[in-house]
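Here is what each chain is made of, one letter per residue.
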Amino acid sequence: MDKKIAFLGAGSVAEAIISGMIRSEVVNQEQIIVTNRSNQERLEQMKNDYRVQCTTDKKEAFRYADIVVLAVKPNNVKESLESIKAYLNPNQLIISVIAGVTTESIRTKIGIDAAIVRVMPNTSASIGYSATAITAGKFASEQQVRLVESIFQSIGITTIVEEDDMHIVTAVSGSGPAYVYYLVEAMEKAAIEAGLEKEIAYKLITQTILGAGEMLRQSGETAAGLRRKITSPAGTTEAGIKRLEEKDFQTIVIDSLKRARDRSMELGKN
Ligand SMILES: NC(=O)C1=CN([C@@H]2O[C@H](COP(=O)(O)OP(=O)(O)OC[C@H]3O[C@@H](n4cnc5c(N)ncnc54)[C@H](O)[C@@H]3O)[C@@H](O)[C@H]2O)C=CC1
Ligand SMILES: O=C(O)[C@@H]1CCC=N1
């Protein structure tokens with residue numbers, strides 16, 4: 001791809017996307033320019049780690065960009081778009097990774113009928129494992145959506161969704177890795193408390209999560225079916241699952257995801 005890509009925001013998700021894109025060689029380092037609000041140290045770090053161009057000069061970054069990636073927090077949308085709107089033009093493709101904020105709201109803020117494609121990746125992008133949902137704004141063409149798909153397919157899998165579904169997608173796969181890490185933190189605590197060495201616990205748990213993920217992908221069986229195969233009558237798994245049921249584990253998880261979905265809606269409204 002021979003396009004120039006400018007990032008507004010140099011945080012975790014910008015880094016995950018950039019490292020994934022460079023890793024997969026979908027773009028060269030020279031094609032990427034990264035900006036943030038003021039943190040020069042962070043820009044230096046991005047420059048050293050990925051050999052991308054970095055600047056705090058918004059004009060330099062955005063005026064000649066073919067693709068603009070919005071990667072700021074929802075509460076910085078207004079001021080950050082204000083700071084670049086003079087350098088945007090209707091020929092650019094705008095990709096937003098911002099949780100909750102609609103394509104229409106971005107279009108209104110920049111004041112041009114630009115092609116906006118909203119995406120929800122996750123931080124596994126940095127190793128090529130993002131699960132990215134994509135939705136097209138009003139002025140985005142089929143071809144532009146295909147381009148966004150090809151960019152994000154270089155850092156994982158993609159799927160097209162309706163814009164309204166972006167809230168639940170954000171809860172499921174945007175935030176999703178954090179829930180898995182939280183589960184791992186608890187498993188590590190249990191293992192260490194029971195006397196296992198930290199390194200051994202880490203090694204076993206990591207492979208367990210990896211193996212379970214691959215089983216879900218490769219076996220063609222449902223999660224419930226795979227779980228049943230591990231659960232011997234009166235065995236250890238059954239005892240553990242019973243405790244999870246007593247503590248209403250599924251209700252807690254469902255409730256947490258609904259809360260994350262609702263938070264995405266709130267972020268959009270604010
Ligand atoms: N962290 C994650 O796993 C995911 C985050 N997202 C979304 O991506 C966006 C960014 O999230 P993170 O990378 O986690 O945030 P972050 O806090 O790590 O990074 C935000 C970046 O925006 C920059 N920024 C703030 N105001 C600015 C301005 N006026 N001009 C230029 N840059 C400005 C900050 O300097 C910082 O580099 C959020 O909207 C979030 O909803 C989406 C998917 C996954
Ligand atoms: O926590 C957040 O708001 C962002 C959106 C998805 C993952 N992180």
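Residues numbered from 1 in each chain as written. Chains lettered and ligands numbered in written order. Predicted model: local features only at pLDDT ≥ 70, side-chain atom pairs only at ≥ 80, totals over all residues.

An unreviewed UniProt entry lists the chain under the name Pyrroline-5-carboxylate reductase, from Oceanobacillus chungangensis. The chain has a UniProt comment under Subcellular location (unreviewed entry) that states "Cytoplasm". (UniProt positions renumbered as here; feature names shortened; annotations may be inferred.)

Take the sheet that holds strand 6 (residues 115–120) next. The strand order across the open sheet formed by 8 strands is 3-2-1-4-5-6-7-8, and the pairing between neighbours is mixed. Edge strands, defined here as strands with exactly one partner in the open sheet, are strand 3 (53–54) and strand 8 (156–160). Bridge count for strand 4 (residues 67–70) against strand 5 (residues 93–96) is 4 bridges, and the pairing is parallel. The residue bridging Val68 from the neighbouring strand is Ile94, located in strand 5. Its contacts with the sheet put helix 5 (residues 103–110) on strand 5 and strand 6, and the angle it makes with strand 6 is roughly 135°. (Pairing = 2+ DSSP bridges. Helix = DSSP H or I, 4+ residues; strand = E, 2+ residues; numbered from the N terminus. Contact = placed C-beta atoms within 7 Å. Axes fitted to C-alpha atoms, helices over the stretch in contact; angles between N-to-C directions.)

Turning our attention to the site of ligand 1. Near ligand 1, the surroundings consist of 27 residues, among which Gly9, Gly11, Asn36, Ser80 and Ala99 are the closest. Breaking the shell around ligand 1 down by element, the ones donating at least two residues are helix 1 (12–23) and helix 4 (77–84). Looking at the shell around ligand 1 residue by residue, the class counts come to 12 nonpolar, 12 polar and 3 charged. (Near = placed C-beta within 6 Å. Nonpolar A, V, L, I, M, F, W, Y, C, P; charged D, E, K, R; others polar.)

A word on the UniProt feature "domain: Pyrroline-5-carboxylate reductase catalytic N-terminal" (unreviewed entry) in the chain. Following the UniProt record, one finds the feature "domain: Pyrroline-5-carboxylate reductase catalytic N-terminal" (unreviewed entry) at residues 4–100. Along residues 4–100, the helical share is 37% and the strand share 19%, with 26 Å between the first and last C-alpha atoms.

Let us look at the site of ligand 2. The immediate surroundings of ligand 2 are formed by Ala99, Thr170, Gly174 and Ser175. Per-class residue counts for the shell around ligand 2 are 1 nonpolar, 3 polar and no charged.

Located in the positive-phi region is Arg51, a residue other than glycine, with phi close to 60°. Examined against the element boundaries, Arg51 turns out to sit in the loop between helix 2 (40–50) and strand 3. If you check the backbone angles, Asp248 has positive phi at about 60° while not being a glycine. Of note, Asp248 is situated in the loop between helix 11 (236–246) and helix 12 (249–269).

Counting buried positions along strand 6 gives 6 out of 6 residues, so the element sits mostly inside the fold. Burial along strand 6 is two-sided: the residues Ala115, Val117 and Val119 and Ile116, Arg118 and Met120 are all buried. Note: strand 5 against strand 6, 4 bridges, orientation parallel. Among the inter-strand pairings, Ile95 is bridged to a residue of strand 6, identified as Val117. Handedness of the strand 5-helix 5-strand 6 crossover: right-handed. Across 4 bridges, the pairing between strand 6 and strand 7 (residues 130–136) is antiparallel. Within strand 7, the residue paired with Val119 across the bridge is Ile134. (Buried ≥ 20, exposed ≤ 12 C-beta atoms within 10 Å, placed from the backbone. Right-handed = clockwise from strand over helix to strand, strands pointing away.)

On to the domain arrangement of the chain, then. Many descriptions give the size of an interface as the accessible area lost when the pieces come together. Taken domain by domain, the chain holds domain 1 (5–166) and domain 2 (176–269). Using C-alpha coordinates to define each centre, domain 1 is positioned 31 Å away from domain 2. Listed per partner, the contact involves 8 residues of domain 1 and 6 residues of domain 2. (Domains from an automatic or database assignment.)

Turning our eyes to something else, we now look at helix 11. Across the 11 residues that make up helix 11, only a small minority, 0, are buried. A positive backbone phi angle near 60° is found at Asp248, which sits one or two residues after helix 11.

Alternating positions in strand 4 separate into two faces, Ile67 and Val69 on one and Val68 and Leu70 on the other, with burial throughout. Relative to strand 4, strand 1 (residues 5–8) is paired through 4 bridges, and the arrangement is parallel. Paired with Ile5 across the two strands is Ile67, which belongs to strand 4. Where the polypeptide runs from strand 4 across helix 4 and back to strand 5, its parallel neighbour, the crossover connection is right-handed.

On to the packing of helix 7 (residues 166–174) against helix 12. Relative orientation of the contacting elements helix 7 and helix 12 amounts to 130°, with a least axis distance of 8 Å. Taken together, the axes of helix 7 and helix 12 lie oblique to each other. Every pair of crossing elements has a handedness; the one defined by helix 7 and helix 12 is right-handed. Here His167, Ile168, Thr170, Ala171 and Val172 of helix 7 come into contact with helix 12, specifically with Leu257, Ala260, Arg261, Ser264 and Met265. Tallied by class, the residues present in the contact of helix 7 with helix 12 amount to 6 nonpolar, 3 polar and 1 charged. (Parallel < 35°, antiparallel > 145°, perpendicular 65-115°, else oblique. Left-handed = near helix turned anticlockwise from the far one by under 90°.)

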